[in-house]
Structures are given as C-alpha cells and as structure tokens.
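# Overview (structure and organization)
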Amino acid sequence: MPRGITPRQPARTGRHEGVRHVRRTAVAALRPTRRSAVAPPRAERSPARKPSPAATKPAGAKSRSKAAYDPLAPERIQEILRRLDQLYPEVTCALQHKSAWELLVATILSAQSTDVRVNMVTPELFRRYPNLQDFAALTPEQLQPEIRSTGFFRNKSKSVIGAAKKILADFGGQVPEQMEQLLTLPGVARKTANVVLGTWFRKNEGVVVDTHVQRISRRLELTRNDDPAKIEQDLMKVIPRERWTLFSHQIIWHGRKLCIARRPKCVDCPLENICHAADKTWNTVEIHKNAK
Ligand code: SF4
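Residues numbered from 1 in each chain as written. Predicted model: local features only at pLDDT ≥ 70, side-chain atom pairs only at ≥ 80, totals over all residues. Heavy atoms only, no water.

Applying the stated criterion to the full structure yields three aromatic pairs. Centre to centre, the rings of W101 and F135 are 5.5 Å apart; their planes meet at 70°, and the pair counts as edge-to-face. In this pair, W101 sits in helix α7 (residues 100-109) while F135 sits in helix α9 (residues 132-136), placing the two residues 34 residues apart along the sequence. This pair shows no difference in class: W101 is buried, exactly as F135 is. Aromatic ring contacts, followed pair by pair, group W101, F126, Y129 and F135 into a single cluster. One residue, R256, lies across the ring of W253, its end atom 5.1 Å from the ring centre. (Phe/Tyr/Trp six-rings, centres within 6.5 Å; stacked < 30°, edge-to-face > 60°. Helix = DSSP H or I, 4+ residues; strand = E, 2+ residues; numbered from the N terminus. Buried < 20%, exposed > 50% of the residue type's maximum accessible area, 1.4 Å probe, protein only. Lys NZ or Arg CZ within 6 Å of the ring centre and 35° of its normal.)

Let us look at the site of the ligand. Taken together, R219, H254, C259, P264, C266, C269, E272, C275 and K280 form the complete shell of residues around the ligand. Of the residues belonging to the shell around the ligand, the class tally is five nonpolar, one polar and three charged. (Near = heavy atom within 4 Å. Nonpolar A, V, L, I, M, F, W, Y, C, P; charged D, E, K, R; others polar.)

We now examine the pattern of salt bridges. Opposite charge on two side chains permits them to pair, given that their charged atoms come into close proximity. Summed over all chains, the structure comprises 13 salt bridges. Across the salt bridge formed by R241 and E205, the nearest N and O atoms sit 3.5 Å from each other. Here E205 lies in the loop between α13 (190-200) and α14 (211-219) and R241 lies in the loop between α15 (228-238) and α16 (244-257), a separation of 36 residues in the sequence. Since its relative accessible area comes to 31%, E205 is described here as partly exposed. The partner of E272 in a salt bridge is K280, and the shortest N-O contact between them spans 2.7 Å. Classification of K280 as buried rests on a relative accessible area of 14%. Connected via shared salt-bridge partners are E79, R82 and R83. (Salt bridge = Lys/Arg side-chain N within 4 Å of Asp/Glu carboxyl O.)

The values reported here are purely geometric and, on their own, carry no functional implication.
In structure tokens:
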C-alpha cells in the first residue's frame, strides 16, 4: 500500500464521517438517490473549501466597526466645541441693544428677517421711543411703518406693543428673568426667550434654535429632528449646559460665515474632517446619508 493512504475505518459510533444521514421511507430507501448512484458524498469529492477571509472574521466584526462611529460621542462633541472656540472665540448676539427690553424687541423683529435688517431699523426706533412705556402707549398702526422693512410688520407690531403692556402690567416694567414668565409675553417663544435669558441675563436655560442652528446641527449629526423644539432638546442633551448660549451664537456665526445654506464653504471650514454632511461641497471623509 502506498505511503500516506490509510483505508477508511468505520467510526466507533457506527456513523461514517461525511455521509449525510437522511430519514427515508421504506420505499424511497430502495431507490438510489442521484447522488449515491453517480457520485460520492460531497466530502469525498473534493477537499473542503478554504473559508473566505470575510467568513473568518469574528461574528459582528463588520457591524462593530460601523458602530464605532458615534456622532454624539463626548470626544467628538468636545472636538467640535474646541474648534468652534478657535474659530469664534468671543461671539455674542449680533442684534444691537442696550437693555433687556431693546434686545427683546430686536429679537421679536428678527423673526423671518436678518439681524442686518433689524439693526438698520432699531437705532432710529429706540431713538424715537426710548423706553418700554413709549411702546406701550403706541397703537399698532403707529408702529407698523417703523418696522415695515423687517417683514410681518402687522403681527410684529402687535407683539411688541402687547409685550410692553404685559411687562408693565404684570412684571413692574422689568423684562422678566424667568423662562415661564417670558413665555407669557405676546410674540415670545423659546427661541426669543433663550436669546434674552442667555445674552442679557447670562442664564443658560436652553439653546437658541434659529434657522442656522437647525441646519448645522443636522449637518454635524447632532440631531436627526426637523422640529426646533426637538432639536433644542437633542442639543441640550449633548452640549454642556454652561455652553448653551455660546454654542448657539457660535453656530449662528458659522452659519453666516461658512456653513451657509445653499453652498457651504467646506473647503475653508475647520470642522471639515469631522463633518459628514450629505451636502458638503468639498470632502475628505465618508459622507453619511443620515446627515443633511
Ligand atoms: S464642512 Fe461644510 S457642511 Fe460641514 S460644518 Fe463645515 S461648512 Fe458646514
């Protein structure tokens, strides 16, 4: 017998390796199967195939490598904040104001408008009506021409005059410092309240979610929501509280300077290599379909 060839021995268990045991009926057992008639069992026909490299990977290795990227990982958030600090070290609200009341009026006027436009209107407005009592004494028809260029001037004039009257009636003529109280004023929702509380009163009660924050927090995968209230809740979970107001202003400035809506200037953006937004205009990293 040539060396290396060992005759097959029956297994002690009575079962032969490589032979498939199929339960067959008595009649079927008499019929030869195609395989047993013409070909030996697969194990005897050819050596076992080498497993592919992919198959030798431990189960779940692929999913683990994908799961390794977490857009909300604390290290990534810290890196975003660090780069924003370098980019916009001491930014604040761009609306010109000298008091809480002026900031409140300017923020109400900035809805659906731009800070630049509002800043063109408010100096003359506050020169003509220097304090809150002057606004409370106006009729909407008197105020409308003054603020017409900011858009939605009929609603805005009602809001400003209504807020002035309520502050006089309920808060002793002082703009309230509490979120719940501010939200009782006409024309004031969380965005406006957050601007006033964070910028004038230095209170981090929430994140200002305007159109820039809405767009960029999605691009940076800090939220998947579209609704400003839900975006604010998402941001409040991942951004440290002491950073809420500064973060809002930094992102708003970033939205004006680089991360603009239609064609963001990604080639100039220091956040580029940690940004996976789907609509980037220049890219060195993988694009994530979930980001917008
Ligand atoms: S890389 Fe582009 S899309 Fe991302 S934050 Fe910067 S400007 Fe915006």
